[in-house]
Amino acid sequence: MNDFTILVTHAAFTSSVALTLDILSTAATLALRLGTAVPRWQVCGVNTDCVTLGYGMQMAVQPLAIRPDDRSCWIIPGMGVADALMIEHRLQQPDIALLIPALRAHVQGGGNVAASCSAVFVLQAANLLAGRCVTTSWWLAPLLQQWTPE
């Protein structure tokens, strides 16, 4: 079993995907040095084995397998959106539409989720923000406050 499942969506910010991988790789290196448990992870896409990131870079991924015993923390790197108008459009795309019920099922089964930057809107679309304190990119914060006032 993996401690983390990185869910890479179509047109994700390449830097956000890379940063997530860099942080986990560094954590693994430090864990080995300190003699503690080494985090494990897998990089997945929704219903695909290759995801096209922002600016056309392609990344090989494992197709997301939804298992009831999966207790990994699912992490969604930032979506490649530059303004609030793109959020609604992006949330309606096929990969996100498939990801939303998977996120709900994962949380209902006891799993954890995390999102960086604009991907917090995916968690909002899955109704997973209630009772949580979250943030997003400064230019998207007013939209998040509008959509999720609590």
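Before reading on, note that the structure itself is shown above.
Residues numbered from 1 in each chain as written. Predicted model: local features only at pLDDT ≥ 70, side-chain atom pairs only at ≥ 80, totals over all residues. Heavy atoms only, no water.

Trainee: How should the nonpolar core be read in this particular structure?
Mentor: Taken as a class, soluble globular proteins show a tendency for nonpolar side chains to be buried jointly. Ranked by size, the top nonpolar core spans 26 residues in total, and within it L7, I76, M79, I87, L103, F121 and V122 carry the most contacts. Going through the elements one at a time, β6 (73–76), α2 (84–91), α3 (94–108), α4 (120–125) and α5 (141–147) are the ones with two or more residues in this core. Among the elements that take part in this core, α3 stands out by supplying five residues, more than any other. Leave out the neighbours within four places in its chain, and L103 touches L7, W74, I76, V113, V122, L123, A126 and L128. V8, V43, M59 and V61 belong to the second-largest nonpolar core, a separate cluster that totals 10 residues. (Core = buried A, V, L, I, M, F, W, Y, C linked by side-chain atoms within 4.5 Å. Buried < 20%, exposed > 50% of the residue type's maximum accessible area, 1.4 Å probe, protein only. Helix = DSSP H or I, 4+ residues; strand = E, 2+ residues; numbered from the N terminus. Contact = heavy atoms within 4.5 Å.)

Trainee: How do you make sense of α3 when you look at a structure like this?
Mentor: Helical geometry: 3.6 residues make up each α-helical turn, so side chains three or four residues apart lie on a common side. With 15 residues, α3 extends 22 Å from end C-alpha to end C-alpha; this agrees with the ideal 21 Å at 1.5 Å per step. When α3 is considered as a whole, its buried residues turn out to be D95, I96, L99, I100, A102, L103 and H106. Turning to α3, the residues buried within the fold contact β1 (4–7), β6, α2, β7 (112–115) and α4. Of the residues flanking the end of α3, it is G110, one or two places downstream, whose phi is positive at about 100 degrees. (Expected span 1.5 Å × (residues − 1).)

Trainee: How should the packing of aromatic side chains be read in this particular structure?
Mentor: For any two aromatic rings, the description comes down to two numbers: the centre-to-centre distance and the angle of the planes. Within this structure, the stated rule accounts for two aromatic pairs. Here the aromatic rings of F121 and W147 are separated by 5.4 Å at their centres, their planes lie at 85 degrees, and the arrangement is edge-to-face. Within this pair, whereas F121 is found in helix α4, its partner W147 is found in helix α5, the two being separated by 26 residues in sequence. According to the relative accessible area criterion, F121 is buried, its value standing at 0%. (Phe/Tyr/Trp six-rings, centres within 6.5 Å; stacked < 30°, edge-to-face > 60°.)

Trainee: How do you make sense of the environment of T52 when you look at a structure like this?
Mentor: Here T52 is to be found in strand β3 (residues 50–52). For the pair T52 and N112, spaced 60 residues apart in sequence, the C-alpha to C-alpha distance is 25 Å. Excluding residues within four positions of it along the chain, T52 makes contact with H10, A11, M57 and Q58. For T52, the side chain forms a polar contact with the side chain of Q58, separated by 3.4 Å. (Polar contact = N/O pair within 3.5 Å; in protein donor to acceptor, adjacent residues only side chain to side chain.)

Trainee: Explain the environment of A31 here, please?
Mentor: Note on placement: A31 falls in helix α1 (residues 14–34). Residues A31 and P77 lie 46 residues apart in sequence; the distance between their C-alpha atoms is 23 Å. Those residues in contact with A31, other than ones at most four positions away along the chain, are T36, A37, V38 and P39.

Trainee: Quick question: what am I supposed to make of the layout of surface pockets here?
Mentor: Considered as a void within the structure, the largest pocket measures approximately 180 Å³ in volume. Lining the largest pocket are 14 residues; nearest its centre among them are V134, L144, Q145, T148 and E150. Tallied by class, residues from the lining of the largest pocket come to seven nonpolar, five polar and two charged. (1 Å grid on protein atoms, 1.4 Å probe; cavity = no way out; pocket = protein on both sides within 12 Å on 5 of 7 lines; lining within 4 Å. Points joined across faces, edges and corners; volume = space filled by probe spheres on them. Nonpolar A, V, L, I, M, F, W, Y, C, P; charged D, E, K, R; others polar.)

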